[in-house]
Amino acid sequence: KIEEKFLPDLLKLVACRWSVGMLGGRARQAYYIVGRQGDSLFYLDPHGVKPAVTRVSEAREALYSAPPLKMHARELNPGLALAFYFKDVADFREFLEFLSFLDGSILRRASAQRPHASSSHSL
């Protein structure tokens, strides 16, 4: 399970405006985490396949036919990947400023394990 000290930052990252989700889950179960409410995470199970929607009238039934899946953030396995979308460099810089307001423990852990590139690029 994920260390408790990482949860506050992780929950803020999942909820930030740049987040497009997170890949994570429990042991031997991978999910696409799409949002949060409090300490609970909402997720989709990518292993369940549904037929393609061909008409708008079918979309509601296809999207809402199953109840949302939910788990507590403490149940997460530490092997996860966060995904973000930035429309331009200015948006990315704003995200970097947002990161400076986090506790930082999760970021220090990630950067310590990140492989170093032979060349670096500055923004």
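In case you missed it, the structure is sitting above this.
So, a few notes on the structure that sits alongside this text. (Residues numbered from 1 in each chain as written. Predicted model: local features only at pLDDT ≥ 70, side-chain atom pairs only at ≥ 80, totals over all residues. Heavy atoms only, no water.)

1. A short note on the sheet that holds strand β1 (residues 19-26)
Ordered by their spatial adjacency, 5 strands build an open sheet running β4-β3-β2-β1-β5, and the pairing between neighbours is antiparallel. Two strands close off the open sheet at either side, each with one partner strand: β4 (69-72) and β5 (81-84). Neighbour-to-neighbour, the strand axes of the sheet open up by a mean angle of 40°, direction not taken into account. This element, helix α1 (residues 7-15), spans β1, β2 (29-37), β3 (40-44) and β5 of the sheet and lies at about 80° to β2. (Pairing = 2+ DSSP bridges. Helix = DSSP H or I, 4+ residues; strand = E, 2+ residues; numbered from the N terminus. Axes fitted to C-alpha atoms, helices over the stretch in contact; angles between N-to-C directions. Contact = heavy atoms within 4.5 Å.)

2. Thoughts on the pattern of salt bridges
Taken as a whole, this structure holds 5 salt bridges when the rule is applied. A salt bridge links Glu 4 to Arg 74, with the shortest nitrogen-to-oxygen separation between them at 3.8 Å. Residue Glu 4 is located in the segment before α1, and its partner Arg 74 is located in the loop between β4 and β5; the two are separated by 70 residues in the primary sequence. Judged by its relative accessible area of 49%, Glu 4 is partly exposed. A cluster of three or more residues bridged by salt bridges with shared partners is formed by Arg 17, Asp 91 and Glu 94. (Salt bridge = Lys/Arg side-chain N within 4 Å of Asp/Glu carboxyl O. Buried < 20%, exposed > 50% of the residue type's maximum accessible area, 1.4 Å probe, protein only.)

3. A short note on the packing of aromatic side chains
This model, assessed by the stated rule, comprises 9 aromatic pairs. For the ring pair Phe 84 and Phe 86, a centre distance of 6.3 Å and an interplane angle of 25° mean the geometry is stacked. A residue is classified by how much of its surface remains accessible, and Phe 84, at 25% relative accessible area, is partly exposed. The exposure class of Phe 86 is partly exposed, given its relative accessible area of 25%. Ring centres 5.0 Å apart and planes at 50° place the aromatic pair Phe 86 and Phe 95 in the tilted group. Three or more aromatic residues link up through ring pairs in this structure, and these residues are Trp 18, Phe 84, Phe 86, Phe 92, Phe 95 and Phe 98. (Phe/Tyr/Trp six-rings, centres within 6.5 Å; stacked < 30°, edge-to-face > 60°.)

4. Section: the side chain of Asp 91
Position of Asp 91 among the secondary structure elements: in helix α3 (residues 89-100). Among the polar contacts listed, one links the side chain of Asp 91 to the side chain of Trp 18, at a separation of 3.0 Å. Among residues more than four places away in sequence, those in contact with Asp 91 are Arg 17, Trp 18, Tyr 85 and Phe 86. (Polar contact = N/O pair within 3.5 Å; in protein donor to acceptor, adjacent residues only side chain to side chain.)

5. Here's the deal with the nonpolar core
Ranked by internal contacts, the top residues of the largest apolar core, which has 14 residues, are Ile 2, Met 22, Ile 33, Leu 41, Met 71 and Leu 76. Listed by contribution, the elements that provide at least two residues to this core are α1, β2 and β3. Take this core: its biggest share by element is 4 residues, from α1. With residues up to four places along the chain from it excluded, the contact list for Ile 2 reads Leu 7, Leu 10, Ala 73, Arg 74, Leu 76, Pro 78 and Leu 80. With 6 residues, the next largest nonpolar core counts Cys 16, Trp 18, Phe 95 and Leu 99 among its residues. (Core = buried A, V, L, I, M, F, W, Y, C linked by side-chain atoms within 4.5 Å.)

6. Section: unusual backbone geometry
The phi torsion at Arg 28 lies on the positive side, around 60°, for a residue other than glycine. Its place among the elements puts Arg 28 in the loop between β1 and β2. Here Arg 28 falls in the exposed class, since its relative accessible area comes to 84%.

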